[in-house]
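# Notes for the structure review
Residues per chain, in single letters:
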Amino acid sequence: DAGITQSPRHKVTETGTPVTLRCHQTENHRYMYWYRQDPGHGLRLIHYSYGVKDTDKGEVSDGYSVSRSKTEDFLLTLESATSSQTSVYFCAISVRGDTGELFFGEGSRLTVL
Amino acid sequence: SQQGEEDPQALSIQEGENATMNCSYKTSINNLQWYRQNSGRGLVHLILIRSNEREKHSGRLRVTLDTSKKSSSLLITASRAADTASYFCATDARDDKIIFGKGTRLHILP
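Analysis parameters
- Residues numbered from 1 in each chain as written.
- Chains lettered and ligands numbered in written order.
- Predicted model: local features only at pLDDT ≥ 70, side-chain atom pairs only at ≥ 80, totals over all residues.
- Heavy atoms only, no water.
- Helix = DSSP H or I, 4+ residues; strand = E, 2+ residues; numbered from the N terminus.
- Rg over C-alpha atoms; globule rule 2.2 N^0.38 Å.
- Buried < 20%, exposed > 50% of the residue type's maximum accessible area, 1.4 Å probe, protein only.
- Areas by Shrake-Rupley, 256 points an atom, 1.4 Å probe, with all protein chains shown as cover.
- Lys, Arg positive; Asp, Glu negative; His and termini not counted.
- Charge placed at Lys NZ, Arg CZ, Asp CG, Glu CD.
- Core = buried A, V, L, I, M, F, W, Y, C linked by side-chain atoms within 4.5 Å.
- Contact = heavy atoms within 4.5 Å.
- Salt bridge = Lys/Arg side-chain N within 4 Å of Asp/Glu carboxyl O.
- Pairing = 2+ DSSP bridges.
- Axes fitted to C-alpha atoms, helices over the stretch in contact; angles between N-to-C directions.

### Notes on the overall build of chain B
- When helices and strands are tallied, chain B shows zero helices and 11 strands.
- Relative to its length of 110 residues, chain B is compact, with a C-alpha radius of gyration of 13 Å against a globular reference of 13 Å.
- Its C-alpha atoms give chain B principal-axis dimensions of roughly 40 × 25 × 20 Å.
- Here chain B holds 110 residues, and 47% of them are scored as buried.
- Per element, the accessible surface of chain B, about 5,200 Å² overall, is 44% carbon and sulfur.
- Side chains of chain B carry 15 positive and 12 negative charges; the gap between the two charge centres is 2 Å.

Shown next as structure tokens:
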């Protein structure tokens, strides 16, 4: 099984503060994704990566940035958190070498007060 | 806007009955996938069907794909209490993005 770890799992922060969520994989899968999940919206793609330093925007990328300096780590940063970014964030990796089956992390619950 | 839209939004059936949920999408795709999510957990991959396939089976799951109608269905036969979960379709629209729908909440009644 693919190993994927998200950290932190829970975070409470205040409006205007920067927040970084980390996604770490134990294998060398090329594609990694960040999604947010909110009631009534399902999962929405924020950003994704198709290799080291190769990233692109998803459906809801405003207010978020990402970095991938190593194959195993994909970081999601909220430069200045807002209450609308309160959500559960999921990282996923594509385990079939292309845009196929995704394996998900357990999620990071972020609350912005 | 989201590529896939599931229908119905919520479904309650008796244990042992079959459950059918549908997914419609907007653009051409490479493949379509179905995922399950138990409350508070990450999503789990169920099945993938490629654009050149029309039907696929995996255990009690049957997935169909109609590319002319841009739609897919997921059938769960002989439902069990453990099937209670949310189910999502996801499409790969040939641009590396995998886009999810809003999901169907399935509740299996004892």
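Still more to cover.
### Examining the nonpolar core
Residue and element names in this part refer to chain B.
- Ranked by size, the top nonpolar core spans 22 residues in total, and within it Met 21, Leu 32, Trp 34, Leu 74, Ile 76, Tyr 87 and Leu 106 carry the most contacts.
- Elements with a minimum of two residues in this core: strand S2 (10–14), strand S3 (19–24), strand S4 (31–37), strand S5 (44–50), strand S7 (61–66), strand S8 (71–76), strand S9 (85–92) and strand S11 (104–109).
- In this view, Leu 74 contacts Ala 19, Thr 20, Met 21, Trp 34, Leu 46, Leu 61, Arg 62, Val 63 and Tyr 87; residues no more than four positions away in its chain are not counted.

### Notes on the pattern of salt bridges
Residues and elements named next belong to chain A.
- If you walk through the whole model with that rule in mind, you get eight salt bridges over all chains.
- A salt bridge links Asp 38 to Arg 44, with the shortest nitrogen-to-oxygen separation between them at 2.9 Å. Neither residue differs from the other here; Asp 38 and Arg 44 are each classed as buried.
- Lys 70 is the salt-bridge partner of Asp 73, the closest N and O atoms lying 3.3 Å from each other.
- Several salt bridges share partner residues, and in doing so they unite Arg 22, Lys 70 and Asp 73 into one network.

### Overview of the sheet that holds strand S8 (residues 73–78) of chain A
Residue and element names in this part refer to chain A.
- Read across the open sheet, the four strands follow the order S1-S3-S8-S7; overall the sheet is antiparallel. In this open sheet, the two edge strands, each paired with only one partner strand, are strand S1 (4–7) and strand S7 (65–70). For this sheet, the mean inter-axis angle between neighbouring strands, taken without regard to orientation, is 15 degrees.
- One ladder, built from four bridges, connects S1 with strand S3 (residues 19–25); its direction is antiparallel. Its bridge partner being in S3, Ile 4 is matched across the sheet by Gln 25.

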